[in-house]
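One letter stands for each residue in the lines below.
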Amino acid sequence: MAKARVAVFISGRGSNMAALLYAAKAPDCPFEIALVISNNHQAEGLKLAAGEGIATAALPSGMRGFVAAADAVLAEQRIAFIALAGFMRILPPDFVARWEGRMLNIHPSLLPKYKGLETHERALAAGEAVAGCSVHLVTAELDDGKVLGQTEVAILPGDTPESLAARVLIAEHQLYPRTLAAFVAHEASPDFLVAQVRARALALPEADEVLSHGMPCFGIIKGKKFAYVSVDHHGDGKIALLVKISGPEEQAMLIEQDEARYYRPAYFGDGWVGIRLDLGDTDWDAIAGWLERSWLVVAPARLGKLMRVAGEF
Ligand code: GRF
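Residue numbers run consecutively from 1 along every chain, following the written order of its sequence. Given that the model is predicted, a residue must reach a pLDDT of at least 70 before its local features are reported, and side-chain atom pairs must reach 80 or more before they are shown or counted; all residues, however, enter totals for whole chains, interfaces and linings. Side-chain figures throughout are based on the complete set of non-hydrogen atoms in the structure, without hydrogens or water.

Q: Would you mind going over helix α1 (residues 15–23) with me for this structure?
A: A turn of α-helix holds 3.6 residues, and therefore any two residues three or four places apart point the same way. For α1, the buried fraction is high: seven of the nine residues fall into the buried class. Whether two residues are in contact is decided by their heavy atoms: any pair within 4.5 Å suffices. A run of H or I in DSSP becomes a helix once it reaches four residues, and a run of E becomes a strand once it reaches two; helices and strands are each numbered from the N terminus. Where α1 is buried, its residues touch β1 (4–10), β2 (31–38), α2 (44–51), β4 (81–84), β5 (103–107) and α6 (161–187). Buried residues are those whose accessible area, probed at 1.4 Å on protein chains only, stays under 20% of the maximum for their type, while exposed residues exceed 50% and partly exposed ones sit between those limits.

What follows is the structure, encoded as structure tokens:
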């Protein structure tokens with residue numbers, strides 16, 4: 001299976017980025033660091049990443065300019081996930097919304113405790129016995145998204161914010177690669193991918209699901225099938241959505257456009273196309289669009305008409 005392409009956003013030292021990068025060198029790591037972005041041209045971590053042969057981009061520090069430039073380079077590098085690692089700027093809500101569920105952050109506290117800055121100072125002042133770090137999904141609210149993993153770090157007698165931060169950082173370097181690996185592996189699992197298709201297919205009018213030749217298959221109730229999910233069919237190693245298209249010309253055009261993503265599904269013929277779901281950069285809105293189109297091809301006139309009318313509003 002292809003490794004998921006991750007971009008790391010940093011502002012300075014970049015030691016967590018380095019931990020991710022070196023973890024990714026293990027052959028069985030499910031992600032690769034494909035891009036390192038910084039809002040700070042001087043960020044130490046940029047030199048390390050460049051030295052390791054990774055694409056880097058030092059982008060304008062003003063947020064509007066940053067986001068426009070980031071959008072372009074993230075698309076160019078076909079990035080599937082973003083890992084914030086010591087990125088000291090708040091990203092605008094529209095950017096966060098576009099990456100919802102695909103952008104992680106590491107924070108040096110046991111969230112939900114001590115969000116924001118000066119976490120170690122506050123943990124010590126509160127007389128805590130343990131501190132720690134958390135990896136969480138990024139939402140519009142600061143340090144507030146679902147926690148994916150945490151490590152506790154004991155507070156020692158005489159600890160200062162600096163000594164505690166240094167020890168928590170060691171835990172961070174262990175936690176981030178492990179949590180990111182588990183997250184992207186889950187997102188690439190057949191169960192997760194089928195569930196993504198299912199949610200979109202069953203949202204279409206009068207759609208239902210059956211198993212056909214062992215494949216999850218979606219059709220109109222008592223009617224024709226409009227989508228199959230092919231999971232390692234005859235050991236082909238692919239997880240893909242099969243949908244109806246207009247015919248051989250469109251099939252050939254799609255395959256020519258992107259032969260890594262589209263293919264001619266064996267036994268299905270020219271009226272269908274296979275769309276890989278396991279490349280790590282699936283555009284789920286586009287998948288919803290393919291499902292709707294395919295549904296329209298097989299839907300009885302009565303239903304298709306309803307859908308077209310609804311689309312006009
Ligand atoms: C880390 O403590 C991280 O938890 C916090 O900022 C620090 C970044 O350190 N968000 P580095 O740049 O990864 O070395």
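Back to the text.
Q: Any chance you could explain the site of the ligand here in plain terms?
A: Whether a residue is near a molecule or strand is decided by its heavy atoms; if any one of them lies within 4 Å of it, the residue is near. Around the ligand, a shell composed of R13, G14, S15, N16, G86, I106, H107, P108 and E172 is seen. The definition of a polar contact used here is a pair of N or O atoms within 3.5 Å, where within protein one atom must be able to donate a hydrogen and the other to accept one, and adjacent residues in sequence count solely through side-chain atom pairs. A distance of 2.5 Å is found between an oxygen atom of the ligand and a side-chain nitrogen or oxygen belonging to S15. To be clear on the numbers: accessible area is Shrake-Rupley with a 1.4 Å probe, and residue cover counts the displayed protein chains and nothing else. Look at the ligand: alone it shows 370 Å² of surface, and the protein chains cover 84% of it. Contributing elements (two or more residues each) for the shell around the ligand: α1 and β5. In this classification, the charged set is Asp, Glu, Lys and Arg, the nonpolar set is Ala, Val, Leu, Ile, Met, Phe, Trp, Tyr, Cys and Pro, and all remaining amino acids, among them Gly, are polar. Across the shell around the ligand, the residue classes break down as two nonpolar, five polar and two charged.

Q: Sorry, what's going on with the sheet that holds strand β3 (residues 55–58) here?
A: Either a parallel or an antiparallel arrangement is found when strands of a sheet pair, and the pairing is made through backbone hydrogen bonds. Taken in spatial order, the seven strands of this open sheet run β3-β2-β1-β4-β5-β6-β7, and their pairing is mixed. In the strand order of this sheet, the two ends are held by β3 and β7 (147–154), each with one partner. Strand-to-strand twist of the sheet, defined as the mean angle between neighbouring strand axes without regard to direction, takes the value 20°. Pairing of β5 with strand β6 (residues 130–137) involves four bridges; the strand directions are antiparallel. Following the sheet pairing, H107 is matched in β6 by S134. Here the axes come from fitting lines to C-alpha atoms, over the contacting stretch only for helices, and the angles between their N-to-C directions go from 0 to 180 degrees. Sheet strands touched by helix α3 (residues 63–76): β1, β2 and β4. Its angle to β2, the strand with the most contacts, is close to 155°. Any two strands between which DSSP finds at least two bridges are classified as paired.

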